[in-house]
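Chain by chain, the residues:
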Amino acid sequence: MTDTGRPHTVPATPGRPLATPATTASAVAEPATAEATGPAHPHPHPHAHGPHDAGHGHSHTHPDDLAREPAAVQLARWAVELTPAKIPSVIRRALCRQLLDGLGCVLAAARGGQAAPALSVAAALGGPPEAVVPGLAAPVGAPAAALALGALVHALDCDDTHPGALVHATAAVLPALFASAAAARADGPALLTAAAAGYETALRVGLGAPYRFHARGVHATQVAAVFAAAVTSSVLQGRSAEVTAHALGIAGSSAGGLLEFLDTGSDTKSLHPGLAAHAGLLATRLAAAGAEGPSTVLEGRHGVYTALAGHTVTADEIVGDLGEMWHVSAVQSKLYPCCHLLHRTLDAAASLHARLIPYGGTSALASVVAEVPPGTEPVVCVPRPHRVAPRTAYEAKFSLPFSTALMVHDGTLSLASYRADALLRPDVTALAARVTHTVRAYDGPDAEAPGVLRALLHDGTALDVRIEGGPVRPPDTARVVARFHANAGGESALTRELAGRVLRLDREDGIDAVLALASAILAAPPVL
């Protein structure tokens, strides 16, 4: 499996299989033990209809047979046998950090009145009062909550990504995690265990065919998120490996998410994590009720990779190093609220802004040419008329000319930069018309390509800026916390308490206090 980030590698440690995640905080802090018993294996063959958890015992499979098992079967077994002790401390810290970052995105969207249609629909769907959603007046059923939370976390496109997989990692996990946790009465260790399984599922699905989903016009995040949601909810509910494997098989039929929004300016992409989380939770419930899914949903002849990525993979490429290689440590919290493929170019644009000051600023600019890798061009550079003059604020977030012009002109880029009235700024639109691009191949993920701008001034002066490519160290916790406070409306006693709870999620009694604090923050006036 290809991964150009900085995943964390630990030795594989056998552990005791279990039907539910460990539930003591002390287990999180203790090293993994070498104690092992025979794992429970999901049955790879058709079986009688009925709830799959009922009467399912242990099977004894030869190690050579395990290697031939479908990826979904192996992934399901690993997920339900995962314990807090098997999760390295650095991974536990990364999980908490990214969940805090995602919760900040939820609060920013709710504060700004974003995702209103999804919230309205979730409220109308209702259901038993299983989950609290910040921004909704009353609890709703877990699937409805997952829909709303997924739309909120991704609404502003400021949520994190994994550059190698090009998957919005936290948007793939947080909706199912928070929506399912209260109904499952899961405590902190169980929450963190389910999150670890969900993140690893999402990132491995994306890394199985990096950038190939996007090349086919499919949003990799919705593809990955539907599987992550099924795994996350299954682990929280204590489902067996067999049920979890069937849930993955069922969830695959809801994988998708078209990128056609790029040509229309619509914000359909913001709904993808919610649609995926809703489908993933339903898949788990259907599997628990006896519905079956294909075990070869990932690598099969008509599986997700063949159908949606035009790519063939083996089970080993997807799950071969489960428990040894962890990918969440390479997830990047966004510094700018726009498409991640723009970020290196925007770093270069910030540098160009500073270099233009002695020349009188942007009025001295005659032209700017950005270098982009081939996969970036169709996402943020074309069709050019709609990238130079975006029709909607959402479209502006996927525009290299317009976003570059914003950064070169202002020297900064924030959520406020993409307000609807920003589209009418004549200084920025005039500058965007002078920003063009050229394509240059890059041997690595497009999101890690160098940021290169070649500027020409009216007096003939050439100013070239280059931000080197390659993996970037994820922002440290302090930076993520600061961004959380900003997204939550300003630092206050409430935001400090909420940040502290999420960063120590494994010590919480459950999710209730976290969501209650989030709702209280929304009800409080912004900090001036």
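Starting afresh in each chain, residues are numbered from 1 along the sequence in its written order. A pLDDT threshold of at least 70 governs which residues receive local features in this predicted model, and a stricter bar of 80 or more applies before side-chain atom pairs are shown or counted, although totals over entire chains, interfaces and linings include all residues. Only hydrogens and water are removed before side-chain values are computed, so all heavy atoms of the structure are retained for them.

### Some remarks on the state of the cysteines
Here is step 1: In this description, the term disulfide denotes a pair of cysteine sulfurs within 2.5 Å. Within the structure shown, the criterion is met by zero disulfides.
Here is step 2: Cys-338 takes part in no disulfide bond, and the closest cysteine sulfur, belonging to Cys-339, lies 7.1 Å away.

### What about helix H15 (residues 343-356)?
Here is step 1: A helix here means a DSSP run of H or I that spans at least four residues, while a strand means a run of E at least two residues long, and both kinds are numbered starting from the N terminus. In a helix, the anticipated span is given by 1.5 Å times the number of residues less one. In this model H15 runs 20 Å from its N-terminal to its C-terminal C-alpha over 14 residues, within 8% of the 20 Å that 1.5 Å per residue would give.
Here is step 2: Exposed residues in this analysis have more than 50% of their type's maximum accessible area, buried residues have under 20%, and partly exposed residues fall in between, with area computed by a 1.4 Å probe over protein chains only. Here H15 has its buried residues at His-343, Arg-344, Thr-345, Leu-346, Ala-348, Ala-349, Leu-352 and Leu-356.

### What to know about helix H10 (residues 220-236)
Here is step 1: Relative to the 24 Å expected for 17 residues at 1.5 Å per residue, H10 spans 24 Å between its end C-alpha atoms, a close match to the ideal helical length.
Here is step 2: Taking burial as the measure, the 17 residues of H10 include 17 buried ones, the bulk of the element.
Here is step 3: Of the residues one or two after H10, Gly-238 is the one with positive phi, at around 70 degrees.

### Let's talk about the pairing of strand E5 (residues 451-457)
Here is step 1: The buried fraction of E5 is high, at five of seven residues.
Here is step 2: Strand pairing is assigned whenever DSSP identifies at least 2 bridges connecting the two strands. Looking at chain direction, strand E3 (residues 365-372) and E5 are connected through six bridges and run antiparallel. Across the sheet, residue Leu-365 finds its bridge partner in E5, namely Leu-457.
Here is step 3: In this structure, E5 lies alongside strand E6 (residues 462-467), joined through six bridges in antiparallel fashion. Paired with Val-452 across the two strands is Arg-466, which belongs to E6.
Here is step 4: Hairpin connection between E5 and E6: a loop of four residues separates the two successive antiparallel strands, and Gly-460 in this loop has a positive phi of roughly 95 degrees.

### Describing unusual backbone geometry
Here is step 1: A cis amide bond links Val-382 to the next residue, Pro-383, at an omega of -5 degrees.
Here is step 2: With respect to the helices, strands and loops of the structure, Pro-383 is situated in the loop between helix H16 (377-380) and helix H17 (384-388).

Scope: geometric values only; no functional claims are made or implied.
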